[in-house]
Amino acid sequence: MAVYAIGLIGHSGSGKTSLAEALLLRAGAIRKLGAVESGTSTLDFDPVAKERHSSVSVSVGHVSWSGHSIDFIDTPGSMNFIGATTGAIRVVDGVVMVASAEPGIQGETEFLWEFLEQRRTPRVLAISHIDREQADFDGRLAQLNETFGNRLVAVTMPLGQGEACKGVVDLLEMKAYDYADPDKPKAGDVPADLKARAEELRYRMVESAAEADDALLEKYLETESLEPEEIRTGLRNGTRTGKLVPVFAASGTRTVGAERILAGLVELLPDAEARRAQLAEVEKVPQGYAADSLQSKDVAALVFATRVDQYAGKLSIVKVLSGELVAGQELHNPAKGNTERPAHLFKL
């Protein structure tokens, strides 16, 4: 079983908390779909977040998918709370960046993308709100590619345009998934009016997968085709090295595309072990700071968020970098220059 820590980031109003709700539901972590607008979403439980209909702090959710463990870290999109978001990015193995299918590039999106570039954080991108009146998936994809260096590669696309959107098309399988019944998406053939565009996007996906791996590129140049598993391998290599960014179409409020995203996370993004090995090659740890390492037996943990609960009191959310953290253990806090003892440990 692999373990993943996945951050959900994006501009305010991008739909990332709604998408998180859809992912939790489709993975079986919750039984009923909540909504940000009604204040019933699982991760926006803070009273201020409910009042604003927008995340104001970091929230954590857990799911199991295909035998793997995934911890989701939902983050604020507003620049007023951007410190919480950048703090969370420091501890994740990969990121789902969420951008609305409606027109416009927000400043938060550009800022967060640049921060991910600096951290060399592997990511996928979800274009949300594909079922809204002004949604334009193709236009948004082109705009994002123009802004971020033509590295974005669609792996799913909307099944229909705007309010007529009924689901998604999986470009690897070349299957359409109709969400007329959200609890039982129906797989079928790609409609005739969408087939040309689907084939165009698939060609770009296969080409990008081949370019991300020398052996695959050699085969592709000889045969002009790749097997599905080879495409997955190329996409995985490209995602983890930052050569490409897979793009998924989604609507969180209708759970459209959620299963495809969950499958994509475990297939394409690095798990904790792979990300740890990646950081060991590229990250320079300053003298006196702990590295993320399984080799050290000394306990090191990074507090990346703190919240106050009216019943539990002050809660520090941490990522263990090395060793084993146990309740009652005496730990040195270099920020304050003193020692502290965690009274209780909880899995969020």
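Now for a quick tour of the structure. (Residues numbered from 1 in each chain as written. Predicted model: local features only at pLDDT ≥ 70, side-chain atom pairs only at ≥ 80, totals over all residues. Heavy atoms only, no water.)

**Remarks on the overall build of the protein**
When its secondary structure is counted, the protein shows ten helices and 15 strands. A compact globule built from 348 residues would reach a C-alpha radius of gyration of about 20 Å, and the protein, at 20 Å, matches this within 12%. Nonlocal contacts in the protein, meaning residues at least 24 apart in sequence, comprise 62% of its contacts between residues at least 6 apart. Of the roughly 17100 Å² that the protein leaves accessible, carbon and sulfur atoms contribute 49%. Each charge class in the protein was averaged separately, 38 positive and 50 negative side chains, and the resulting centres sit 5 Å apart. (Helix = DSSP H or I, 4+ residues; strand = E, 2+ residues; numbered from the N terminus. Rg over C-alpha atoms; globule rule 2.2 N^0.38 Å. Contact = heavy atoms within 4.5 Å. Areas by Shrake-Rupley, 256 points an atom, 1.4 Å probe, with all protein chains shown as cover. Lys, Arg positive; Asp, Glu negative; His and termini not counted. Charge placed at Lys NZ, Arg CZ, Asp CG, Glu CD.)

**Description of the packing of helix α6 (residues 192–211) against helix α8 (residues 228–241)**
How two helices sit against one another is set out by the angle between their axes and by the gap between those axes. Between α6 and α8, whose axes approach to 8 Å, the crossing angle comes to 65°. With respect to α8, the axis of α6 lies roughly perpendicular. The chirality of how α6 crosses α8 is left-handed. Residues Arg202, Met205, Val206 and Ala209 of α6 form the contact with α8, whose participating residues are Ile231, Gly234 and Leu235. Partitioning the contact of α6 with α8 into residue classes produces five nonpolar, one polar and one charged. (Axes fitted to C-alpha atoms, helices over the stretch in contact; angles between N-to-C directions. Parallel < 35°, antiparallel > 145°, perpendicular 65-115°, else oblique. Left-handed = near helix turned anticlockwise from the far one by under 90°. Nonpolar A, V, L, I, M, F, W, Y, C, P; charged D, E, K, R; others polar.)

**Some words on the packing of aromatic side chains**
Applying the stated criterion across every chain, the model contains one aromatic pair. Aromatic side chains Trp113 and Phe148 sit 4.2 Å apart centroid to centroid with 15° between the ring planes, which places their arrangement in the stacked category. Placement of Trp113 in helix α4 (residues 107–119) and of Phe148 in helix α5 (residues 137–148) is noted, with a sequence separation of 35 residues between them. In this structure, Trp113 and Phe148 share a single accessibility class: buried. The ring of Tyr177 carries Arg260 above its face, with NZ or CZ at 4.3 Å from the centroid. (Phe/Tyr/Trp six-rings, centres within 6.5 Å; stacked < 30°, edge-to-face > 60°. Buried < 20%, exposed > 50% of the residue type's maximum accessible area, 1.4 Å probe, protein only. Lys NZ or Arg CZ within 6 Å of the ring centre and 35° of its normal.)

**Here we look at the packing of helix α3 (residues 82–89) against α4**
Contact pair α3 / α4: the axes reach a minimum separation of 11 Å and the direction vectors enclose 30°. Our classification of the angle between α3 and α4 gives roughly parallel. Once α3 is placed against α4, the crossing between them reads as right-handed. On the side of α3, the interface is formed by Ile82, Thr85, Thr86 and Ile89, while α4 contributes Phe111, Leu112, Phe115, Leu116 and Arg119. Tallied by class, the residues present in the contact of α3 with α4 amount to six nonpolar, two polar and one charged.

**Re the sheet that holds strand β8 (residues 167–170)**
Taken together, four strands build an open sheet; the order of strands is β7-β8-β9-β10 and the sheet is antiparallel. Looking at the sheet topology across the chains shown, the edges are occupied by β7 (156–159) and β10 (186–188). Adjacent strand axes in the sheet meet at a mean angle of 30°, parallel and antiparallel pairs treated alike. The pairing of β7 with β8 spans four bridges and is classified as antiparallel. Residue Pro158 lies in a different strand from β8, and its bridge partner there is Val168. (Pairing = 2+ DSSP bridges.)

**Side note on α3**
Judged by how many residues are buried, α3 sits mostly within the fold: six of eight residues are covered. Looking at α3, one finds that the buried residues are Ile82, Thr85, Thr86, Gly87, Ala88 and Ile89. Close packing links the buried residues of α3 with β1 (3–10), β3 (68–74), α4 and β12 (300–309).

**Observations concerning the sheet that holds β3**
The strand order across the open sheet formed by seven strands is β2-β3-β1-β4-β5-β11-β6, and the pairing between neighbours is mixed. Looking along the sheet, the strands with just one partner apiece sit at the ends: β2 (59–65) and β6 (152–154). Averaged over all neighbouring strand pairs, the angle between strand axes comes to 30°, with direction disregarded. Across six bridges, β1 lies against β3 in parallel orientation. Across the sheet, Ala5 pairs through a bridge with Asp71, a residue of β3. Against the sheet, α5 makes contact with β4 (94–100), β5 (123–128), β6 and β11 (245–249), and its axis sits at roughly 160° relative to β6, the strand it touches most.

**Details of the pattern of salt bridges**
Taken as a whole, this structure holds 15 salt bridges when the rule is applied. Here Arg132 makes a salt bridge to Glu102, at a shortest N to O gap of 3.1 Å. Of this pair, Arg132 sits in the loop between β5 and α5 while Glu102 sits in the loop between β4 and α4, placing them 30 residues apart in sequence. Overall, Arg132 belongs to the partly exposed group, its relative accessible area being 35%. A single network of salt bridges, built from pairs that share partners, joins Arg26, Asp183 and Glu259. (Salt bridge = Lys/Arg side-chain N within 4 Å of Asp/Glu carboxyl O.)

**Quick word on the environment of Ala135**
Secondary-structure assignment places Ala135 in the loop between β5 and α5. Sequence separation of Ala135 and Thr255 is 120 residues, and the distance between their C-alpha atoms is 16 Å. The contacts of Ala135, once residues within four sequence positions are left out, are Ala101, Glu102, His129, Ile130, Gln161 and Gly162.

**Regarding unusual backbone geometry**
Most of the time, phi is negative for any residue but glycine, and the peptide bond is trans. Phi is positive for Arg120, close to 55°, though the residue is something other than glycine. Residue placement: Arg120 occurs in the loop between α4 and β5.

Keep in mind that these numbers describe shape and distance, not what the molecule does.
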